[in-house]
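Chain by chain, the residues run as shown.
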Amino acid sequence: MYKNILPGILLALLLLQCSSLLAQHGLHCAYDQAVHMQTELHPAYKAAADKAFEKAKNNVLARSGKTADEETLRIPIVVHLLHNTPEQEISDDLVHSQIEALNLHFNRLSADTANTREIFLPLATSANIEFYLADVDPDGEPTNGIVRKEVDNYYWADLLTALQPGGLDAIKSSAQGGSDPWDTERYCNIWVGNMALDIFGTETPGALGFAYPPVETTIFPAETFPPNVEDADGLVIDYRAFGVNNPIAETIDMGNGNTLADTNWDGKTCVHEMGHYLGLRHIWGDGGNPLLGTPGTCEEDDFIDDTPRATSNGAQVCDLSKDTCPDEEVLPGIDTAAAYPDMVENYMDYSSESCQNMFTAQQVALMREMITLYREGLLGEEINVNNENLEAKAIALYPNPSQGIFTIDLGDQKSGSLQVIDPAGKVVQEMQVNQARLQVNLSKQADGVYLILFNNEDIKESKRLVLMR
Ligand SMILES: [Zn+2]
């Protein structure tokens, strides 16, 4: 008798407690919860995520001391925009601003990199990863990389489904009213919708986003995994936290005296979730209970050696004096032991976006290795084509970085077509070329990383051009 009643009472108490705490604090990112919930029903899930992490990290360590891989990794993105009311609609411009924000922050090109504290500067590293909206859909048809859908669901999570494994994944399935992914091996899928919780009819701040990490599936029995493990792969971002200067964010009270626009205006929720998608964990090691606000210990780790230990997350503020593990540590890349403050600058913290401006060298190395090991299908043919006879056929750009006007030297290649693609994935110039050398003027374009694509019958080649004034 008690056995039947007690869990019910406990669940009800837990729900009530969670609902009031969620209302008070909100929940920045549900990565840890999503991984734990999947593991509840599917015991190998976390082991498979840990295995993937371990394998990537071992590869990185085995390579240490060698020259870093300089190849730019290009990742195609499809954004699924799901709205039930006009207020939930996201503009194409906001999507473009988000892609640009990913490129700025993953490549240390944003102005706020100037705010990285000196003590952490030796560790702050560009990931040399570019994101672009897919230009070809799974059927081979041209696309703008945006799927827009009016849906029946106002919410994608209520408290009961959100506490179940896979309960946050309905947005990823047409059968459940959402939008089916594009082949998750070839595209990075981002779903944008209302991730607030429906708690007994009251809209309550829920997760701003979550993403599942890469998993090593080959050494575990298939039945120990969630059946949707491939179809659920990708990022989910609440529609209020997506893009740069999202106008809806101003209307969201975070419960700590700030609106969402005060803490999450700069597209960094998506940067953070992309970090998870590429295998990174929270820098404080997910110790303690973020929902209850109780801290962990300095023993919990993100298993990245060049992020200092911390017992708690950055709590959506920018506290540069935060130093929860004041003992001296030696961080690889910095020779001397020092009492490092908590690295609130890191995109994988929960500090406010005004604080966040860096990934570390080891985080970058791990993400790049994860792409090579588990997400190689994203890189597509272009990268492979580029690697062939690169020396003999390479085109050159100079000066690079450029202030606007630069020269493209095509070497032996004299004719073909040229495209200039801006940081958001839009083609801003397109031309047929019939000469070995030509000047291109981008002085009317905004600063950022541009992609120069050249192709003819013999080669297809891309080069990055940094526009910086
Ligand atoms: Zn997170």
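Throughout, a residue's number is its position along its own chain's written sequence, starting from 1. Given that this is a predicted model, residues contribute local features only at a pLDDT of at least 70 and side-chain atom pairs are listed and counted only at 80 or more, while totals for whole chains, interfaces and linings are drawn from all residues. Only hydrogens and water are set aside; all other atoms, that is, all heavy atoms of the structure, feed into the side-chain values.

1. Topic: the overall build of the protein chain
- In terms of helices and strands, the protein chain carries 10 helices and 16 strands.
- Across the 469 residues that make up the protein chain, the buried fraction comes to 54%.
- Every accessible area reported is derived by Shrake-Rupley at a probe size of 1.4 Å, with residue values counting cover from the shown protein chains alone. Surface summary for the protein chain: the accessible area is close to 20,700 Å², and the carbon and sulfur share equals 51%. Helix and strand definitions follow DSSP, with helices as H or I runs of at least four residues and strands as E runs of at least two, each counted in order from the N terminus. Each residue gets one of three labels from its accessible area relative to the maximum for its type: buried under 20%, exposed over 50%, partly exposed in between, using a 1.4 Å probe on protein chains only.

2. Considerations on the packing of helix H3 (residues 44-63) against helix H8 (residues 361-374)
- Two numbers describe how H3 lies on H8: the axes approach to 9 Å, and their chain directions differ by 115°. As the angle between them shows, H3 and H8 are arranged roughly perpendicular. The chirality of how H3 crosses H8 is right-handed. Residue-level inspection shows Lys51, Ala52, Phe53, Lys55, Ala56, Lys57, Asn59, Val60 and Arg63 of H3 in contact with H8, the latter providing Ala365, Leu366, Glu369, Met370, Leu373 and Tyr374.
- The classification used treats Ala, Val, Leu, Ile, Met, Phe, Trp, Tyr, Cys and Pro as nonpolar, Asp, Glu, Lys and Arg as charged, and all other residues, Gly among them, as polar. Here the residues of the contact of H3 with H8 are counted per class, giving 9 nonpolar, 1 polar and 5 charged. Axis definition: a line fit to C-alpha positions, over the contact stretch in the case of helices; interaxial angles, taken between N-to-C directions, run 0 to 180 degrees. Here is the rule for angles: anything less than 35 degrees is roughly parallel, anything more than 145 is roughly antiparallel, 65 through 115 is roughly perpendicular, and the remaining ranges are oblique. Crossings are assigned a handedness: left-handed for a near helix turned anticlockwise from the far helix by less than a right angle, right-handed for a clockwise turn. Should any heavy atoms of two residues lie within 4.5 Å, those residues are counted as being in contact.

3. Observations regarding a negative patch on the surface
- Here a patch means residues that are over 30% exposed by relative accessible area and free of salt bridges, tied together within 9 Å if like-charged and within 5 Å if nonpolar (Val, Leu, Ile, Met, Phe, Trp, Tyr). Counted as salt bridges are all cases of a side-chain nitrogen of Lys or Arg within 4 Å of a carboxyl oxygen of Asp or Glu. Only four residue types enter the tally: Lys and Arg on the positive side, Asp and Glu on the negative side, with His and both chain ends excluded. Charged side chains are reduced to one point each, which is NZ for Lys, CZ for Arg, CG for Asp and CD for Glu. The grouping of Asp180, Asp183, Glu185, Glu230 and Asp231 at the surface amounts to a negative patch.
- By the secondary structure assignment, glutamate 185 is in the loop between helix H5 (159-162) and strand E5 (188-193).

4. Details of the environment of proline 122
- Mapping proline 122 onto the fold places it in the loop between helix H4 (92-106) and strand E2 (129-133).
- Separated by 210 residues in sequence, proline 122 and proline 332 have C-alpha atoms that sit 9.8 Å apart.
- Setting aside anything within four residues of it in sequence, one finds proline 122 in contact with Gly333 and Ile334.

5. Structural notes on the environment of valine 79
- Along the chain, valine 79 turns up in strand E1 (residues 73-83).
- Spatially, the C-alpha atoms of valine 79 and alanine 134 are 9.1 Å apart, while their sequence positions differ by 55 residues.

6. Brief notes about the nonpolar core
- We call a set of buried Ala, Val, Leu, Ile, Met, Phe, Trp, Tyr and Cys residues a nonpolar core when their side-chain atoms join them within 4.5 Å. Membership of the largest hydrophobic core comes to 62 residues, with the highest contact counts inside it found for Ile77, Phe106, Ile190 and Met274.
- With sequence-adjacent residues up to four places away left out, isoleucine 190 is seen in contact with Ile77, Val78, Val79, His80, Leu235, Ile237, Phe242, Cys270 and Met274.
- Listed in part, the 31 residues of the second largest apolar core include Leu159, Ala207, Val215 and Ala310.

7. Thoughts on the coordination of the zinc ion
- Here a donor is any nitrogen, oxygen or sulfur atom (N, O, S) within 2.8 Å of the metal, with 3.2 Å used for Na, K and Ca; water is not among the atoms considered, so some sites may look incomplete. Distances from the zinc ion to its protein donors, Cys29 (SG), His272 (NE2), His276 (NE2) and His282 (NE2), fall within 1.9 to 2.2 Å.
- Site shape is set this way: if four donors have all angles between 85 and 135 degrees, tetrahedral; if opposite donors are over 155 degrees apart and all others between 65 and 115, square planar for four donors and octahedral for six; otherwise irregular. What the 4 donor atoms of the zinc ion show is an angle range of 98 to 124° at the metal, which sorts the shape as tetrahedral.
- Each donor residue of the zinc ion lies on the same chain, and together they follow the pattern C-x242-H-x3-H-x5-H. Note that cysteine 29 is positioned in the loop between helix H1 (2-25) and helix H2 (31-41) and histidine 282 in the loop between helix H7 (268-277) and H8, a separation of 253 residues in sequence. Each of the two residues, cysteine 29 as well as histidine 282, counts as buried.

8. Here we look at the pairing of strand E12 (residues 416-421)
- Extensive coverage of E12 is indicated by the burial of 5 of its 6 residues.
- Here, strands pair whenever DSSP counts at least two bridges between them. Bridging between E12 and strand E13 (residues 427-433) involves 6 bridges; their strand directions are antiparallel. Looking across to E13, one finds that leucine 418 is bridged to methionine 431.
- Summarising the sheet, E12 and strand E15 (residues 448-455) pair through 5 bridges and their orientation is antiparallel. Across the sheet, isoleucine 421 pairs through a bridge with leucine 451, a residue of E15.

9. Here's the deal with the packing of aromatic side chains
- We call Phe, Tyr and Trp rings a pair once their centres come within 6.5 Å, taking the six-membered ring for Trp, and we label the pair stacked below 30 degrees between planes, edge-to-face above 60, and tilted otherwise. Considering all chains together, one arrives at 11 aromatic pairs under this definition.
- Ring centres of phenylalanine 210 and tyrosine 212 lie 5.6 Å apart, and the angle between their planes is 85°; this geometry places the pair in the edge-to-face category.
- Judged by its relative accessible area of 1%, phenylalanine 210 falls in the buried class.
- Judged by relative accessible area, which is 5%, tyrosine 212 ranks as buried.
- Relative to phenylalanine 225, the ring of phenylalanine 220 has its centre 6.2 Å away and its plane inclined at 80°; by these criteria the two rings are edge-to-face.
- On the basis of relative accessible area, phenylalanine 220 is assigned to the partly exposed category, the value being 22%.
- Judged by its relative accessible area of 7%, phenylalanine 225 is buried.
- Counting every residue linked through ring pairs, the aromatic cluster contains Phe106, Phe131, Tyr347 and Phe359.

10. Concerning the sheet that holds strand E10 (residues 396-398)
- The strand order E10-E11-E14 describes an open sheet built from 3 strands, whose pairing is antiparallel. Since the sheet does not close on itself, it has two edges, and those belong to E10 and strand E14 (437-441), each with one partner. Here the average twist between neighbouring strands, direction ignored, is 25°.
- Pairing between E10 and strand E11 (residues 405-409): 3 bridges, direction antiparallel. Across the sheet, residue leucine 397 finds its bridge partner in E11, namely isoleucine 408.

11. Digging into the sheet that holds strand E4 (residues 157-158)
- Taken in spatial order, the 3 strands make up an open sheet running E4-E6-E7, and their pairing is mixed. The open sheet is flanked by E4 and strand E7 (202-204), the only strands paired with a single partner.
- Pairing geometry for E4 and strand E6 (residues 197-199), over 2 bridges, is parallel. By the bridge assignment, alanine 157 is partnered in E6 with leucine 197.

12. Here's the deal with the confidence of the model for the protein chain
- The predictor attaches a confidence to each residue, called pLDDT, with possible values from 0 through 100. Looking at the protein chain, the pLDDT average stands at 84 and 89% of residues meet or exceed 70.
- Scored below 50 in pLDDT, residues 1-26 makes 28 contacts in the model with residues more than four places away or belonging to other chains.
- Taken as a whole, residues 382-392 scores under 50 in pLDDT and shows 12 contacts with residues more than four places along the chain or in a different chain.

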